[in-house]
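Coordinate inspection notes
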Amino acid sequence: MFRRILIANRGEIALRIIRAAHELGIEAVCVYSTADRDAPYLRLADRAICIGSGPAKDSYLNIARLMAAAELADVDAIHPGYGFLSERPDFSEVCRDCKIEFIGPSPEAMRRLGDKVEAKRFARQAKVPVFPGSEGAIEDEEEAVAVASEIGFPVIIKAAAGGGGRGMRVCHNEPALRTNIKKAKQEAQAAFGDGSVFIEKFLEHARHVEVQVLGDKHGHAVHLWERDCSMQRRHQKIIEEAPGPGIDRRKIQGVAENAAKLVKQAEYAGAATVEFLMDDQQNFYMLEVNTRVQVEHPVTEAITGVDIVKQSILIAAGEPLPFKQRDIQINGHAIECRVNAEDPSRDFMPQAGQIETWEVPGGPGVRVDSHVVPGYRVPPNYDSMIGKLIVHAEDREQAIRRCRRALREFEVGPIKTSILLHRQLMEDSSFVHAELDIHLLERLLK
Ligand code: ADP
């Protein structure tokens, strides 16, 4: 087992990893940028090392500085969290070269599943349903037109190396496709350093449903069932829940089992999420595989009782999974609301500055994952998410009631947050009746 690990991240996920490490009897070393210098969660780490200035490229994205800190602190392993370097195979590779365990997949497995085109190839082998579309990357305009006429419009052009909702273009007809294909390639090259693009059928109405999987280094993989993350704004999730309401259990079981098979066949060790869109007939189409822990992992932890962060540390240390598929049962329903420092009344403008009031809810079935305390100053440099509220209850109706109650208790000021929006969404009849759709939130905001 590891003696000491380094956390190559910040904020709520850094704190989440500190907690998991300490419960496993492992020391946790944090790194921080000067913008996070006074962050109180750093005091909970066994050691905190400054690695540079506020801009992420000078600190949390700087591999050389992270490796210097790892060397200095003499750690056995590095946990990348999510975002930043978590999905960069070169980082996983540098760790391996330095004989420091990367808490996540090997660079090879990350490349296999992190690239959207490669992942689809593996998905087909594991009988995981994928979108109708190009088999691999599209070479030119003519190939794009040929594929589109086969699957029918509308289609979506995507960057193989894309992420974060960027690098996608929806085309409703052939002229639009012709003009967009070249632009999409150039854009992908500029944004991701890889100009490969592919085409798939664009679904007008869909839900976002994803399957959590854990794979170990001994060839085992289990799924932890699904989450529904349809409540999105600009492709960013804002509410997530588990299990997916109204989904045929037999159907999702088949999809989830094949998702676990996909991870196993890719010889992948660690936590992975296989993301799907689900249409009105509950047909599933794989979007991509995320090769890291996700923001919304706590809803799955709540309903399965599995600590995903601890498990990923144990997996990296070479431990076999301590459970079998049949041990993973669903207990109740969980909902997560992301608390973002944004002003919903001003087009979600990110808010920076001092938080004076921070009163978090408590009581049965309520969990708040956040690094914020009263007096915390939100730096302007990073993602606007400052915490997550997770509620767990016996069923969806009770979970919504509990969520409303918790949101009433949650007071933050003077900066604006998404809490007010969540209070409204928990009363919205489409949400309450689980009439979910990836465009629902945007429609409600109009
Ligand atoms: P990213 O890696 O940037 O998150 P994804 O492929 O996961 O990209 O897609 C992000 C979001 O874009 C999805 O949750 C969905 O809202 C929308 N989207 C992606 N592909 C399609 C599609 N084929 N049809 C309809 N919407 C799509």
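So, here is what we can say about the structure in this document. (Residues numbered from 1 in each chain as written. Predicted model: local features only at pLDDT ≥ 70, side-chain atom pairs only at ≥ 80, totals over all residues. Heavy atoms only, no water.)

A few points about the overall build of the chain
Looking only at helices and strands, the chain has 14 helices and 22 strands in total. By principal-axis analysis of the C-alpha atoms, the chain measures approximately 60 × 50 × 45 Å. Relative to its 446 residues, the chain shows a buried fraction of 57%. Of the contacts made within the chain by residues no fewer than 6 positions apart, 66% connect residues no fewer than 24 positions apart. Looking at the chain as shown, the accessible area adds up to about 18300 Å², and 47% of this sits on carbon and sulfur atoms. (Helix = DSSP H or I, 4+ residues; strand = E, 2+ residues; numbered from the N terminus. Buried < 20%, exposed > 50% of the residue type's maximum accessible area, 1.4 Å probe, protein only. Contact = heavy atoms within 4.5 Å. Areas by Shrake-Rupley, 256 points an atom, 1.4 Å probe, with all protein chains shown as cover.)

Some remarks on the site of the ligand
Taken together, the neighbourhood of the ligand is formed by 22 residues, with Lys116, Lys158, Gly165, Lys201 and Glu288 sitting nearest. Leu203 places a polar main-chain atom, nitrogen or oxygen, 2.9 Å from a nitrogen atom of the ligand. Between the ligand and the protein, one listed contact pairs an oxygen atom with a side-chain N or O atom of Glu275 at 3.3 Å. Listed by contribution, the elements that provide at least two residues to the shell around the ligand are β6 (155-159), β8 (197-201), β12 (270-278) and β13 (284-290). Shared between two domains, the shell around the ligand holds at least three residues of each, these being domain 2 (131-201) and domain 3 (207-445). (Near = heavy atom within 4 Å. Polar contact = N/O pair within 3.5 Å; in protein donor to acceptor, adjacent residues only side chain to side chain. Domains from an automatic or database assignment.)

Describing the packing of aromatic side chains
Enumeration according to the criterion identifies seven aromatic pairs in this entry. Where Phe84 meets Tyr382, the ring centres are 6.3 Å apart and the plane angle is 75°; that geometry is what we call edge-to-face. A residue pair is termed long-range when its members are at least 10 positions apart, and Phe84 in the loop between β4 (77-79) and α3 (89-97) and Tyr382 in the loop between β20 (377-378) and β21 (385-393) qualify at 298 residues. Relative accessible area serves as the criterion here: at 26%, Phe84 is assigned to the partly exposed category. With a relative accessible area of 12%, Tyr382 lands in the buried category. Seen from their ring centres, Trp358 and Phe410 are 5.3 Å apart, and the 75° between their planes marks the pair as edge-to-face. With Trp358 in strand β18 (residues 357-359) and Phe410 in the loop between α11 (396-409) and β22 (411-413), the pair connects residues that are 52 residues apart, well separated along the chain. Across the pair, Phe410 and Trp358 agree in class, each one buried. Here a set of aromatic residues connected by ring pairs shows up, and it is made of Tyr60, Phe84 and Tyr382. A cation over a ring is seen here: Arg396 above Phe431, with NZ or CZ 4.7 Å from the ring centre. (Phe/Tyr/Trp six-rings, centres within 6.5 Å; stacked < 30°, edge-to-face > 60°. Lys NZ or Arg CZ within 6 Å of the ring centre and 35° of its normal.)

Comments concerning the packing of α3 against helix α4 (residues 107-114)
As a packed pair, α3 and α4 sit with axes 8 Å apart at the nearest point and diverge in direction by 170°. With respect to α4, the axis of α3 lies roughly antiparallel. Across the interface between the two elements, Pro89, Asp90, Ser92, Glu93 and Arg96 from α3 touch Pro107, Glu108, Met110 and Arg111 from α4. (Axes fitted to C-alpha atoms, helices over the stretch in contact; angles between N-to-C directions. Parallel < 35°, antiparallel > 145°, perpendicular 65-115°, else oblique.)

Section: empty space enclosed by the protein
A complete count under the given rule lists two cavities of 30 Å³ or more for this structure. Of the volumes computed, that of the largest cavity is approximately 80 Å³. Together, 13 residues line the largest cavity, and His79, Ile103, Gly104, Arg292 and Val293 are the ones closest to its centre. Split by residue class, the lining of the largest cavity holds six nonpolar, six polar and one charged. For the lining of the largest cavity, the domains that each give at least three residues are domain 1 (4-103) and domain 3 (207-445). Taken as a whole, the second largest cavity encloses approximately 40 Å³ of empty space. Considering the residues around the second largest cavity, the lining is formed by Arg10, His371, Tyr376, Val378, Pro379, Tyr382, Asp383, Met385 and Ile386. For the lining of the second largest cavity, a count of residues per class yields six nonpolar, one polar and two charged. (1 Å grid on protein atoms, 1.4 Å probe; cavity = no way out; pocket = protein on both sides within 12 Å on 5 of 7 lines; lining within 4 Å. Points joined across faces, edges and corners; volume = space filled by probe spheres on them. Nonpolar A, V, L, I, M, F, W, Y, C, P; charged D, E, K, R; others polar.)

Comments concerning the pattern of salt bridges
A complete count under the given rule lists 41 salt bridges for this structure. The partner of Lys388 in a salt bridge is Glu12, with the nearest N and O atoms 2.9 Å apart. Of this pair, Lys388 sits in strand β21 while Glu12 sits in helix α1 (residues 11-23), and the two are 376 residues apart along the sequence. Across the salt bridge formed by Glu135 and Arg124, the nearest N and O atoms sit 3.9 Å from each other. You can see Glu135 sitting in the loop between α5 (116-125) and α6 (141-151) and its partner Arg124 sitting in helix α5, a full eleven residues away along the chain. Glu135 gets classed as exposed once you look at its relative accessible area, which sits at 58%. (Salt bridge = Lys/Arg side-chain N within 4 Å of Asp/Glu carboxyl O.)

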